[in-house]
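# Coordinate inspection notes
Chain residues, written in single-letter form:
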Amino acid sequence: MADVKLNNIKKSFGNVNILHGISLDIKHGEFVVLVGASGCGKSTLLRLIAGLEEITSGSLEISGREVNHIAPAQRGIAMVFQSYALYPHMNVFKNMSYGLKVNGKGKDFIKEKVLEAANTLDIGHLLERLPRELSGGQRQRVAIGRAIVRDPNVFLFDEPLSNLDAALRVQTRVEIGKLHKKLGTTIIYVTHDQIEAMTLGDKIVVMNEGLISQAGTPLELYQHPCNKFVAGFIGSPKMNMIPGKVLAIEADHLLVELSDKSISKAYVETDTASIGDNITFGIRPEHLVEGALQETSLSAKVSLIEQLGEATYLYLTLGDGSEIVMRGEGESTTTFSEQINISLKPEHVHIFNSEGIALRRTRAGNTKSPAQLAQLKAQTAEAAAN
Amino acid sequence: MKLFNLRHDSSKKLMIHAVLISYTLIALFPIWVVIINSFKSRKAIFNDPLALPTADTFTLIGFEEVLLRSEFGLFFSNSMIVTMISIFCVLLFGAMIAWALTEYKFPGNLAISVIVAMGIMIPIRLGTIGILELMSSLNLVNTLTSLVLVYIAQGLPLAVYILSEFIKQVPKELKEAARCDGVGEIKIFFTIIVPLIRPSIATVAVFTMIPIWNDLWFPLILAPSDGNQTITLGVQQFIGQYVTDWNSVLASLTLAIVPVLILYLVFSRQLIRGLTSGAVK
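Quantities reported herein were computed from a predicted structural model and do not represent experimental measurements. (Residues numbered from 1 in each chain as written. Chains lettered and ligands numbered in written order. Predicted model: local features only at pLDDT ≥ 70, side-chain atom pairs only at ≥ 80, totals over all residues.)

### Quick notes on the domain arrangement of chain B
Residues and elements named next belong to chain B.
- Taken domain by domain, chain B holds domain 1 (2–59) and domain 2 (70–268).
- Between the C-alpha centres of domain 1 and domain 2 there is a distance of 30 Å.
- The interface is formed by seven residues belonging to domain 1 together with seven residues belonging to domain 2.
- The element contributing the most residues to the side of domain 1 that touches domain 2 is helix 1 (residues 2–38), with five residues.
- Grouping the amino acids of the side of domain 1 that touches domain 2 by side-chain chemistry returns four nonpolar, two polar and one charged. (Domains from an automatic or database assignment. Contact = placed C-beta atoms within 7 Å. Helix = DSSP H or I, 4+ residues; strand = E, 2+ residues; numbered from the N terminus. Nonpolar A, V, L, I, M, F, W, Y, C, P; charged D, E, K, R; others polar.)

In structure tokens, the structure reads:
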């Protein structure tokens, strides 16, 4: 089927190396999200897969066939552009049917295909309109429709939601997710928005400076970021990073001293740690609570409060001046410049060594995707039935 | 402050309009004089060149002379043929060259660009003798073909230059989307690029058409014989060494304005801005 295999793909423009060797296996039907800061090469990678740029070295296989030198149209891909790229002088029907028409498909076939796609996307009433007469969301659907009618093996999305307003973005995101379930095709989706990545992806590929930092299920990336970059990228607000030192190594945890002299346990693999190592102590804002309720507690001064209703973000300064953020209760009564106690569970602590590489957490929660969980449940049900 | 700005703005606008209107008047004045005098008797033309035709002085003798007793129809169709074919070729080849130079990297790209730029800077009339020699060795002297060839050469550089600028503005994603759709490069050019740069093609058409229609130089040198004269050359037959038939000269000049005006109206309808809106946000 439509597996996509990237084997040590490199790309350079003149002397500038953009991609330094990307290897990735994408299974048929998988929704893969390429995510990273701007300039990390994610869009370039997508364009290489589409065939719009030439691969400098390495091999790209789609459905088991090397396509390095094959024209975009013959790769069985369809791309949805950030700017939609609708043909401005053609109406919606022509926009969607043009690719089929130039490839010599019959009139009835084209009509059937376009109407089917238009119904799927709920744009049947717009077929006579020109792109300039459509709203942003409608244009986006037409662009997706143009991709669907071609029955591609692989859909490529290049930041498709970034031109939409916030409400429409959420709505379209859900629709893209549903569309994937309905069509069951492979989707490669580029975004810089980690929420889009977390919500849509079966697999997220975090890219940084032309290399893959980590690839895995959304929860795997959330629970086990392999380095500081991924840890900072996944999750919003960002994970708090506090410098610290290893005080002692126990059987199943480390004892670390933070820069404000407070001491905490950390349940991580201890093999590579040694006493006195400089480490970074990471804790997500949502894992901090107000008051000394949990095992490790810190003392901090409030420097800014953001009330969102469902939660309150407290921006805090520790004793040594380190800035951290916590996600508190929505009804938090803490006030500005108050000195408060906050606490955390050592199970939630991430530890990164001096090179920024994570020591794997030993007491993390679930990392399986809904699909994997469904499979597991089915297996247990089957086992129980037997 | 706002009021001051408003006043400042409107006085600036007034200034601009004053300049433009006076320029328009200056530019239109000779045409106006030609048209009103073409409807006047010879005597009236010389008595008071700026007066409008009155019941006494009104006459259509010039038009009669031109339409009934000369080969005006032939001159006219010669001019039309030369102009239309030249415009068509200039637009087609100009757009194709512009697309090739902006879209594709190939050896010689820079060299061709430089030659095109030089073509804008050097007036083609400097090469008249060379062109005449070339045409005579090709046995093309006294043919309309020679005129068409020269006019294509004359119109191409500016056409390429202007159209390249517009082709560069066509969003890259549109071409890429078409390539993903499996549209061939030639089809992309004719079905995506050309429709999108239509306004600029119309502009180039107008710019190309007027000097060709009005040219006297090359028809005089390359195709002066009977049967191949263009309208500007044909008019000359009314201008004699001793007597000039001013009625006929002015009448034929007036008639010569008509097709240019019609072509201009046709093309200017295409000069609609914002055709690309809606393509990309």
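### Observations regarding the domain arrangement of chain A
- Taken domain by domain, chain A comprises domain 1 (4–228) and domain 2 (238–359).
- Residues belonging to the side of domain 1 of chain A that touches domain 2 of chain A are distributed by class as follows: two nonpolar, one polar and one charged.

### A word on the sheet that holds strand 16 (residues 296–307) of chain A
Residues and elements named next belong to chain A.
- Pairing within the open sheet is antiparallel, and its five strands lie in the order 15-19-16-17-18. With one partner strand each, in any of the chains shown, strand 15 (288–290) and strand 18 (323–329) form the two edges of the open sheet. Put simply, the sheet's adjacent strands are angled 50° from each other on average, direction ignored.
- Pairing of strand 15 with strand 19 (residues 339–344), which is carried by three bridges, proceeds in the antiparallel orientation. Pairing of Leu 288 across the sheet is with Leu 344, part of strand 19. (Pairing = 2+ DSSP bridges. Axes fitted to C-alpha atoms, helices over the stretch in contact; angles between N-to-C directions.)

### Here we look at the sheet that holds strand 1 (residues 4–13) of chain A
All names here are of chain A.
- Pairing is antiparallel in the open sheet, where four strands are placed in the order 2-1-4-5. Looking at strand neighbours, the two that pair on one side only are strand 2 (16–26) and strand 5 (65–66), the edges of this open sheet.
- Direction of pairing for strand 1 relative to strand 4 (residues 57–62): antiparallel, over a ladder of five bridges. In the strand pairing of strand 4, Lys 5 is matched with Glu 61.

### Considering unusual backbone geometry
Residue and element names in this part refer to chain A.
- In the segment running from Ser 236 into Pro 237, the intervening peptide bond is cis, with an omega of -5°.
- Structurally, the position occupied by Pro 237 is in the loop between helix 8 (228–233) and strand 11 (240–249).
- Here the phi dihedral of Asn 8 falls at roughly 50°; this positive angle occurs in a residue that is not glycine.
- Unlike most non-glycine residues, Ala 85 shows phi in positive territory, near 50°.
- Tracing the chain through its elements places Ala 85 in the loop between strand 6 (77–80) and helix 2 (92–102).

### Observations concerning the pairing of strand 10 (residues 211–216) of chain A
Residues and elements named next belong to chain A.
- The buried fraction of strand 10 amounts to five of the six residues, a majority that puts the element mostly inside the structure.
- Where strand 9 (residues 203–208) meets strand 10, five bridges bridge the pair, whose relative direction is antiparallel. In the sheet register, Val 206 faces strand 10, and the bridge partner there is Gln 214. (Buried ≥ 20, exposed ≤ 12 C-beta atoms within 10 Å, placed from the backbone.)

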